[in-house]
Amino acid sequence: MSLLQPLGLLGLLAIPVLILIYIIKSKYTEQVISSTYLWTLSERFLKRKNPIKTITGIISLILQILAVIFISIALAHPVFTLPGKANDYCFILDGSGSMNIVYDGKSRFEHGKDEIRSIINSAADGSTFTLITTGNTTDMIYKESDDKRMAVRRLNETASAYVASDFSSAAKVAQSYFNENSACKFYLVTDKEVGSAVNAEVINVAGTAFNYGVDGVSYAFNVNGGVTVSGTAFSYESDADITVDLFFDDSKVAAASKTLSLKRGQGEKFTIEKAPEEGQSAVEFRSLRVAIREKDSLSLDNQAVLYNTRSDASYNTLVVSDTPFFINATLDSAGNIKRTVVSPKDYTAEMRGYGLYIFQNFTPDKMPEDGAVWFINPDSGVDGTSGFALRGVEKFEGSTVELSMNKSSSSRVKNLLKGTNSADKTSVTEYVKCGLYRSFTTLLTCNNDPVVFAGSNSYGNREVVFAIDLVNTSDFALSYNGRVLTYNLLEYTFPSLVDQTIFYAGESLPVNVLANCSGIRVESPSGKAEYLDTSSAITDYELTEVGEYVITATVGGNRQSVRVFSQLPVAERIVTTTEASFVISGEPSEHKRDGKYEDLLYAFVILAVIVVADWLVYCYEQYQLR
């Protein structure tokens, strides 16, 4: 036996003090009586009927001494050693996305924690506990802790992740610990069927569950202004009939639905179309959500959310033209970008606050500073901040000349010309000769003069120049390449913070650092905020949760926000999965750790009995007739 607080035994010094008080304490009490005769008779009666009176005082002293002894021992906190009665335990808790599947009212992860908690609470005092979790990373939460309460508390604080993970890293950590302590008992707590386990006991918490899911969701705008949503639905455990609903923005009412008959484990493709409402020219939305109506054991994969990045106010466009037909058609095909159309004679320098300014057959006296600019067939001198100058007009009387496409292999040129066909030719009868004094990427030329080129102006905003009339003096607007190139340039003009809006948890989100960007903030579905590095053209952010992320950038003093949705990885949606093996190599030891017993409950029970007994003796002395 050992004492954790040996100074507590100093309380035994109270025993001689009690004895001294007992010796010097007066045994007589003053009482008023009506007659000495009655007193004499009373004493004779008490001596004859109450022989215990003579020892009540000594009993009280003994009880008080025993109380002091037990209090002192309790304060000293004795610990009794139990040789070979305790063990070392190491728990590997699976924290992958599939552990979020729910059955019997709790997730698999919570069931796993219940199993570990039960082992900890039933283990002999003196045992040690180590907890390793897998998920976003493999972490050793604590190592060789002999404090049960701390071990359970830290276990309760752990949470499952949403990513796909295996046990390779956890096995390495467990192997390292086994090399230090081969007598440790290892428990792998998971929902996977493990083919073989060496030096570890597998606790399977899969339970009974079923799951549906959607994947591969995308949308496209139709020529009539409608939207077509497509994707694939799954039933992982059995055949099932389900209904897929389409919602726009935050509406609680489905805009359209599709009923599907699913075969177990086989994906069923679906398409949902939504036409514009009466009075609308096109379907407008900021986000759309596809959700399975029926409930299952895993709600995390029952929906997918996509966002219309062009719905933000920063994509509003001002078109300054008397003939905006082609521009309007292009903006419609690119996602119904909101726009305002004015005639050149009505344009003023006070018209600001747009993400894109398109000047067709017109050139303003001063360049806008707060947005991208397109010049289509500029007709006069341009503000010096534009980066190019006009040098006249080249005309081909009675003939046409084909434009040449840039053959460069640079990534910028290839990206801007993606989807074009080299066999498709564009001809012009006239073009504006331009001189460039900023760095532009030339896409189409005529007689080695730049005809279509893109870059940025002195304000850091993107700029595109078409040195031709798109309709009257060229067939650009009617050509295949013309339509494709215009769309690509629109994508270039409106550089989004992200190139796509739906990912899987565990993937890296590439965030584009736009020109004049002074800061990028990412807020996760749980509300955690993080600021990204903006020193390079692209910065990455790891998605570790399922749900909506909000990315907000400060560009040129203005805030621009986009949202992306992170889905549960497909591998984590399958209710029953297998893992080949979990191997900890080596020969286990039979050595056991010494246990300990330090439960003072019984000491306090005995102390309470002594105190009650002493109180009863005191009451007897005070109130018993003598």
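One can find the structure itself at the top, above this paragraph.
Below, the structure is looked at part by part. What you see as residue numbers is a count from 1 along each chain, following the sequence as written. The predicted origin of the model limits local features to residues at a pLDDT of at least 70 and limits the giving and counting of side-chain atom pairs to 80 or more, whereas totals for whole chains, interfaces and linings rest on all residues. In computing side-chain values, all of the structure's heavy atoms are included and hydrogens and water are not.

**A few points about the sheet that holds strand 7 (residues 139–145)**
Here is step 1 of the chain: On the basis of which strands lie adjacent, the open sheet formed by five strands has the order 7-6-3-8-10 and mixed pairing. A single partner strand is all that each edge strand has here, and the edge strands are strand 7 and strand 10 (201–204). On average, each strand axis in the sheet is tilted by 15° relative to the strand beside it, whichever way the strands run.
Here is step 2 of the chain: Strand pairing is assigned whenever DSSP detects at least two bridges linking the two strands. Secondary structure counts use DSSP, requiring at least four H or I residues in a row for a helix and at least two E residues in a row for a strand, with both numbered from the N terminus. The sheet contact formed by strand 3 (residues 88–93) and strand 6 (residues 128–133) spans six bridges and is parallel. Across the sheet, Phe-91 pairs through a bridge with Leu-131, a residue of strand 6.
Here is step 3 of the chain: By definition in these notes, contact holds between two residues if any of their heavy atoms fall within 4.5 Å. Simply put, an axis is a line fit to the C-alpha atoms, just over the touching stretch for a helix, and the angle between two N-to-C directions goes from 0 to 180 degrees. Those strands touched by helix 4 (residues 108–122) are strand 3, strand 6, strand 7, strand 8 (185–190) and strand 10, and its axis lies near 180° from that of strand 3.
Here is step 4 of the chain: Strand contacts of helix 5 (residues 148–157): strand 3, strand 6 and strand 7, with the helix running at about 170° to strand 7, the strand carrying the most contacts.

**Looking at the pairing of strand 7**
Here is step 1 of the chain: Relative to strand 7, strand 6 runs antiparallel, the two being bridged by four bridges. The residue of strand 7 that forms the bridge with Ile-132 is Met-140.
Here is step 2 of the chain: With antiparallel pairing between neighbouring strands as the criterion, strand 6 and strand 7 make up a hairpin whose turn holds five residues, including Gly-135 at a positive phi of roughly 160°.

**Some words on unusual backbone geometry**
Here is step 1 of the chain: Residue Asp-104 is not a glycine yet carries a positive backbone phi of 55°.
Here is step 2 of the chain: Here Asp-104 lies in the loop between strand 4 (102–103) and strand 5 (106–107).

**Considering helix 6 (residues 168–180)**
Each turn of an α-helix holds 3.6 residues, which means side chains three or four residues apart point in the same direction.
Here is step 1 of the chain: By definition here, a helix of n residues has an expected span of 1.5 Å times n minus one. An ideal rise of 1.5 Å per residue puts 18 Å on 13 residues; helix 6 measures up with 19 Å between its terminal C-alpha atoms.
Here is step 2 of the chain: Within helix 6, burial applies to Ala-170, Ala-171, Ala-174, Gln-175, Tyr-177 and Phe-178. The arc that holds every buried residue of helix 6, seen down its axis, measures 165°, which confines them to one face. Opposite its buried face, helix 6 presents the exposed residues Lys-172, Asn-179 and Glu-180, each directed more than 90 degrees away. Throughout this description, buried means an accessible area under 20% of the type-specific maximum (1.4 Å probe, protein chains only), exposed means over 50%, and partly exposed covers the range between. Directions drawn from the helix axis to the C-beta atoms are what define this arc.

**Re the nonpolar core**
Here is step 1 of the chain: By convention a nonpolar core is built from buried Ala, Val, Leu, Ile, Met, Phe, Trp, Tyr and Cys residues, the set being connected through side-chain atoms within 4.5 Å. Counting residues in each nonpolar core, the largest one holds 34 residues, and the members touching the most others are Phe-466 and Leu-489.
Here is step 2 of the chain: The element contributing the most residues to this core is helix 9 (residues 480–493), with four residues.
Here is step 3 of the chain: In this view, Phe-466 contacts Trp-374, Phe-375, Ile-376, Asn-377, Pro-378, Val-451, Val-452, Phe-476, Thr-486 and Leu-489; residues no more than four positions away in its chain are not counted.
Here is step 4 of the chain: In this structure, Val-214, Val-244, Leu-246 and Ile-502 belong to the second largest nonpolar core, which totals 27 residues.

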